[in-house]
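# Descriptive structure summary
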Amino acid sequence: MTDATTVLSLPDLAALDTQVVVGVVEAAQAWLLTDGLRVLATILIALVARWALHRLIGRTVATMTSRSSERTRETDARGNVLATTIGLAGERHRSRVQTVGSLLRSISTFVIGVVAALTIMGLIGLPLGPLLASAGVGGVAIGFGAQSLVKDFLSGIFMIFEDQYGVGDVVDTGEAIGTVEEVTLRITRLRDFDGVVWYVRNGEIIRIGNRSQGYGAAWVEMPVSYREDISRVLEVVREVCGTFAVDPEWEPKLIEAPTVLGVDSIAGQTVTVKVLAKTLAGENFAVQRELRARIKAAFDANDIQGPPLPPFAPAGPR
């Protein structure tokens, strides 16, 4: 009786193994010549895009840093430094720019990696529908919940890159005016002249007025009596301004000698004389106070009368 079971001999097993190996090799070659090339091209494009973005971010950071360094070297005609972002403040700005550059490089690497991974998954046949649908729902939820946070971060990144202000600057944010104590990607902390600390979100800042960049302007208005000789008054004021401009204590704080603009207004029995002094940033208030005091002392020494005092109103019944 013949056994119905087919028995493979050793030569048959060897031939079967060879056919399997040949089939696997042929399939691998076919995959490499089609989808494999696409996967390799995707990886290569992702690496090139990452390199290009990192190079662009690096050049942007270098440009912002050099711009800050140039600002610290700005001087007037007499060699006075106009910028106040020097020393520790300048180092803080450069450190913030470097930090933002590192953050942007990390974000670009993550985004490029995710896009490349999704592309490769699609090439090898993995289903992307459920993953993309879940990511879309999650993205919409996060977008609605964190849109103000994203706005604050984007505003903070551009603010730091453009060097709009830094620690130690006196700025006007519209909401508050004060000295910048801390700058982050989300908020700016100010302390106003009354000592109140303000936390201003970067996304809510529509305009910025920086009083610590470039130069300041000290405006001095001195009222005198209408009966005074204006030519004599202006001559006294010019003498005071000329003496003030060569004072060793105050000359380094001036960009140029104070300019007597002349009569600014006439109201009733009062004539107002205006003086303009260009100063280093942040020195305008001190120059204004000192110049006003010197002009007042010169008026007293030259017997120049101020405007008449208003009549006292009679006291009412109590």
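First, a word on what this report is: a plain description of the structure on this page. (Residues numbered from 1 in each chain as written. Predicted model: local features only at pLDDT ≥ 70, side-chain atom pairs only at ≥ 80, totals over all residues. Heavy atoms only, no water.)

## Some thoughts on the pattern of salt bridges
Convention followed: Criterion for a salt bridge: a side-chain nitrogen of Lys or Arg within 4 Å of a carboxyl oxygen of Asp or Glu. The helix count covers DSSP runs of H or I at least four residues long, the strand count covers runs of E at least two residues long, and both are numbered beginning at the N terminus. The classification of residues rests on relative accessible area computed with a 1.4 Å probe and restricted to protein chains. Under 20% of the type maximum is buried, over 50% is exposed, and intermediate values are partly exposed.
If you walk through the whole model with that rule in mind, you get 13 salt bridges. Here Lys 253 ties to Glu 283 by a salt bridge, and the two come within 4.0 Å at their closest N and O atoms. Taken together, the residues span a long stretch of sequence, with Lys 253 in the loop between α5 (230–245) and β7 (259–267) and Glu 283 in the loop between β8 (270–280) and α6 (284–301) at a distance of 30 residues. Look at Lys 253 and you get partly exposed, because its relative accessible area is 24%. Residue Glu 283 is classed as partly exposed on the basis of its relative accessible area, which comes to 24%. With its nearest N and O atoms 2.9 Å apart, the salt bridge here joins Arg 294 to Glu 290. With Arg 294 and Glu 290 both in helix α6, this residue pair falls 4 residues apart, about one helical turn.

## So, α5
Just so we agree on the cut-off: Take the residue count of a helix, subtract one, and multiply by 1.5 Å to get its expected span. Whenever two N or O atoms come within 3.5 Å, that pair is a polar contact, provided that in protein one can donate a hydrogen and the other can accept it, and provided that, for residues adjacent in sequence, both atoms are side-chain atoms.
Taking 1.5 Å as the rise per residue, α5 with 16 residues should run 22 Å; its terminal C-alpha atoms sit 22 Å apart, in good agreement. Every buried residue of α5 is listed here: Val 233, Leu 234, Val 236, Val 237, Val 240, Cys 241, Phe 244 and Ala 245. Measuring from the side-chain oxygen of the N-cap residue of α5 to the backbone nitrogen of Ser 231 gives 3.2 Å; that N-cap residue is Asp 229.

## What to know about the sheet that holds strand β1 (residues 170–172)
We apply this condition: Only when DSSP finds a minimum of two bridges between them are two strands counted as paired.
In space, the 5 strands of this open sheet follow the order β4-β3-β2-β1-β5, with antiparallel pairing throughout. One side of each edge strand has no neighbouring strand; the edge strands of this open sheet are β4 (197–201) and β5 (209–210). As defined by bridge partners, strand β2 (residues 177–183) adjoins strand β3 (residues 187–191) across 4 bridges and the pair is classed as antiparallel. The residue bridging Glu 182 from the neighbouring strand is Arg 189, located in β3.

## A short note on α6
Counted only if it meets this: To obtain the arc, one takes the directions from the helix axis to the C-beta atoms. Pairs of residues are marked as contacts when any of their non-hydrogen atoms sit within 4.5 Å.
Between its terminal C-alpha atoms α6 stretches 26 Å, which fits the 26 Å expected from 18 residues at 1.5 Å a residue. Burial in α6 covers these residues: Asn 284, Val 287, Gln 288, Leu 291, Ile 295, Ala 298 and Phe 299. One side of α6 carries all its buried residues, which in axial view fall inside an arc of 100 degrees. The exposed residues of α6 that point more than 90 degrees off its buried face are Arg 289 and Ala 301. On its buried side, α6 packs onto β6 (215–225), α5 and β8. A positive phi of about 55 degrees marks Asp 303, the residue just after α6.

## Things to note about the packing of α5 against α6
Short version of the rule: Interaxial angle, 0 to 180 degrees, is taken between N-to-C directions of lines fitted to C-alpha atoms, where a helix line uses only the stretch in contact. Throughout, the term roughly parallel applies to angles under 35 degrees, roughly antiparallel to angles over 145, roughly perpendicular to angles from 65 to 115, and oblique to all others. A crossing counts as left-handed when the near helix is turned anticlockwise from the far one by less than a right angle, and as right-handed when that turn is clockwise. Classes in brief: Ala, Val, Leu, Ile, Met, Phe, Trp, Tyr, Cys and Pro nonpolar; Asp, Glu, Lys and Arg charged; the others, Gly included, polar.
One can describe the packing of α5 onto α6 by two numbers: an axis separation of 10 Å at closest approach and a directional angle of 135 degrees. What the angle tells us is that α5 and α6 run oblique. As α5 runs across α6, the sense of the crossing is right-handed. Residues Val 233, Val 236, Val 237, Val 240, Cys 241, Thr 243 and Phe 244 of α5 form the contact with α6, whose own contacting residues are Val 287, Glu 290, Leu 291, Arg 294, Ile 295, Ala 298 and Phe 299. In the contact of α5 with α6, the residues fall into 11 nonpolar, 1 polar and 2 charged.

## With respect to the nonpolar core
Across soluble globular proteins, nonpolar side chains have a tendency to be buried as a group. We count it as follows: By nonpolar core is meant a set of buried Ala, Val, Leu, Ile, Met, Phe, Trp, Tyr and Cys residues that side-chain atoms within 4.5 Å join together.
Residues Val 237, Val 275, Leu 291, Ile 295 and Phe 299 are the most contacted members of the largest nonpolar core, which totals 25 residues. Looking at this core element by element, the count peaks at 8 residues for α5. With sequence-adjacent residues up to four places away left out, Val 237 is seen in contact with Val 260, Val 275, Ile 295 and Phe 299. The next biggest cluster of nonpolar side chains, apart from the first, holds 18 residues, and it includes Val 97, Tyr 165, Val 180 and Val 183.

## Things to note about the sheet that holds β6
Spatially, β6-β8-β7 is the arrangement adopted by the 3 strands of the open sheet, whose pairing is antiparallel. Bordering the open sheet on either side are β6 and β7, each of which pairs with just one other strand. Between one strand axis and the next, the sheet turns through 25 degrees on average, direction left out of account. Of the pairings in the sheet, the one linking β7 to β8 comprises 7 bridges and is antiparallel in character. Of the residues in β8, the one forming a bridge with Val 263 is Val 273. Where α6 meets the sheet, its contacts fall on β6 and β8, and the angle it forms with β6 comes to roughly 25 degrees.

## Describing the pairing of β2
Both β1 and β2 contribute to a ladder of 3 bridges, which runs antiparallel. For Asp 172, the partnering residue across the bridge sits in β2 and is Ile 177. Between β1 and β2, which follow one another and run antiparallel, lie 4 residues, and Gly 174 among them has a positive phi close to 90 degrees. What sits between β2 and β3 in their antiparallel hairpin is a turn of 3 residues.

That is the geometry; function is a separate question.
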